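Examining the three-dimensional arrangement
Listed below are the residues making up each chain.
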Amino acid sequence: MELMADNSIAILTAAPEQTRNRDIHYPYRQDSDLFYLTGFPEPEAVLVLVPGREHGECLIFCRDRNIEREIWDGYRAGPEGACEKYGADDAFPIDDIDEILPGLLEGRDRVYYAMGKDLTFDRHLMDWVNTIRGRARAGATPPGEFVDLDHLLHELRLFKSAAELKIMREAGKISTRAHCRAMQICKPGMYEYQLQAEIEHEFAMAGARFPAYGSIVGSGENGCILHYVENSAKLKDGDLVLIDAGCELQHYAADITRTFPVNGKYSAEQKAIYDVVLEAQLAGIKACAKDNHWDEPHQVTVQVITEGLRELGLLDGELNELIETKAYRYFYMHRAGHWLGMDVHDVGDYKIDDEWRLLEKGMVMTVEPGIYISPDNKDVHKRWRGIGIRIEDDVLVTAKGPEVLTSDAPKATADIEALMSENTPKNS
Ligand code: GLY
Ligand code: MN
Ligand code: MN
């Protein structure tokens, strides 16, 4: 509210429920912005901030208590709970919003609202504004300015507080345990979905009920598909398996990738490519330092990967020219990372005034270079084809340098091979 202009109002809506099929919904996940500001977990809710309002600045509209519905669908906080449990100054039944919101909007100069995200709500808001316009001759003044709230709010979300980091460190720990479990249980003949089940078992047993995104388990050539989520193939002796999976804990995401050999031992070709990706990833992490700009970790990964591919004979030409012409993009076609937080691809600007922004303490980002050699790439010797490798960790920028939140999952080939040769974990 301190960041908002004088005489303004902000309106945020809850995420809608989503149908999965017929009368079944997907598990409900609150909108990250609304949750960040309130912790309020229910659908059909609206948060209204009116700084300086005498009878309450923080208002929540939500579903009324309803004993009969609650028997079917679960507990509701109701307006009373919204005040007592979630700290609203005042709260109202969502069914009364048409009567109350126009009065709150009237006379405000500016409305902060994320237009275009929820078309039904956009229309309601315009209806309320038109209601006020209709009363202009009686002296009502509708707001004149509509401003996107995202810019102010997402700048806040980009910098993680100590309380947020505590959760993110824990999400990182749970997720690394899950990757270790998958490494130890993996053997030829299992299916990709069985490794997914092992990973998600470890998440759920720790109270992280859902993955932060669809878990990717891609063995062999499937490792070359960046967002592979079929997870249906049988794991073959001699292949690698790439697992990109992280849990969501208390609305915060972890995002980890490890790539390991199905049979516990990297082949010479796999290890050669792997070591290039690992060197790039370690250099990328080192570059996540205060006062470096956002693009520096990406640039160092490009440099190391291009050099490595050249040394292995997979790229041919002069180093700077290969970088300038982006020749590496046949093998490394994505960026080195993204902001991480409540959303896996978290909010926050990457550029300020058209320049890459500087890294500052409290920002959390991923570093996830990869090399993917298409099975159809006829320009390379066939011993390289179908190898897909990514290594991804979550990194906090601190005053003392980068802190890796996901360091408990091994990533040097020797460490992974050692872990995979240990006994498989008991079914916890
Ligand atoms: N798992 C999504 C990503 O790595 O960006
Ligand atoms: Mn990932
Ligand atoms: Mn990622």
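Located above this text is the structure these notes cover.
Presented here is an overview of the structure given in this document. All residue numbers here refer to positions counted from 1 along the written sequence of the relevant chain. Written order determines the labels here, with chains lettered from A and ligands numbered from 1. With the structure being a predicted model, the display of local features is reserved for residues of pLDDT at least 70 and the display and counting of side-chain atom pairs for 80 or more, all residues being used for whole-chain, interface and lining totals. The basis for every side-chain value is the complete set of non-hydrogen atoms in the structure, without hydrogens or water.

For this analysis, a salt bridge means a side-chain nitrogen from Lys or Arg found within 4 Å of a carboxyl oxygen belonging to Asp or Glu. If you walk through the whole model with that rule in mind, you get 27 salt bridges. The salt bridge involving Asp31 is made with Lys117; its shortest N-O contact spans 3.7 Å. Placement of Asp31 in the loop between β3 (24-25) and α1 (32-38) and of Lys117 in the loop between β7 (110-113) and α5 (119-133) is noted, with a sequence separation of 86 residues between them. The partner of Arg181 in a salt bridge is Glu202, with the nearest N and O atoms 3.2 Å apart. Separated by 21 residues along the polypeptide, Arg181 in helix α7 (residues 162-185) and Glu202 in helix α8 (residues 192-205) bring together distant segments of the chain. Each member of the pair Arg181 and Glu202 is classed as buried. Bridged by salt links that share partners, the residues Asp31, Asp33, Lys117, Arg157, Lys160, Asp343 and Asp346 form one connected network. By the criteria applied, helices consist of DSSP H or I runs no shorter than four residues and strands consist of E runs no shorter than two, each listed in order from the N terminus. The classification of residues rests on relative accessible area computed with a 1.4 Å probe and restricted to protein chains. Under 20% of the type maximum is buried, over 50% is exposed, and intermediate values are partly exposed.

Taken together, Asp255 (OD), His338 (NE2), Glu368 (OE) and Glu392 (OE) make up the protein donors of the manganese ion (ligand 3), found 2.1 to 2.2 Å from the metal. Around the manganese ion (ligand 3), the six donor atoms sit at angles spanning 51 to 155°, and that spread fits a shape best called irregular. Only nitrogen, oxygen and sulfur atoms count as donors, using a 2.8 Å cut-off from the metal that widens to 3.2 Å for Na, K and Ca. Water is left out, so coordination shells may look unfilled. In the primary structure, the donors to the manganese ion (ligand 3) are separated according to the pattern D-x82-H-x29-E-x23-E. Between the two metals, the manganese ion (ligand 3) and the manganese ion (ligand 2), the spacing is 3.3 Å, and Asp255 donates to both. Taken as a pair, His338 in the loop between α11 (319-324) and β15 (351-352) and Glu392 in the loop between β19 (388-390) and β20 (393-398) lie far apart in primary sequence, 54 residues in all. The pair His338 / Glu392 is uniform in exposure class, with both members buried. Key to geometry: four donors with every angle between 85 and 135 degrees are tetrahedral; four donors are square planar and six octahedral where opposite donors lie over 155 degrees apart and all remaining angles lie between 65 and 115; all other sites are irregular.

Residues are classed as near a molecule or strand on a simple rule: at least one heavy atom within 4 Å of it. The environment of ligand 1 is formed by Tyr213, Asp244, Asp255, His338, His345, Glu368 and Glu392. Two N or O atoms form a polar contact when they lie within 3.5 Å of each other; inside protein one atom must be a possible hydrogen donor and the other a possible acceptor, and for residues adjacent in sequence the pair counts only when both atoms belong to side chains. At 3.2 Å from an oxygen atom of ligand 1 is found a side-chain nitrogen or oxygen belonging to Glu392. Relative to its free-state accessible area of 200 Å², ligand 1 is covered by the protein chains to the extent of 90%. Computed with the Shrake-Rupley method and a 1.4 Å probe, the accessible areas treat only the protein chains shown as cover for residues.

For Asp291, which is not glycine, the phi dihedral falls at a positive 80°. Checked against the element boundaries, Asp291 lands in the loop between α9 (268-286) and α10 (296-311). You will see that Asp353, though not glycine, has its phi angle at about 50°, which is positive. On the secondary structure map, Asp353 appears in the loop between β15 and β16 (355-356).

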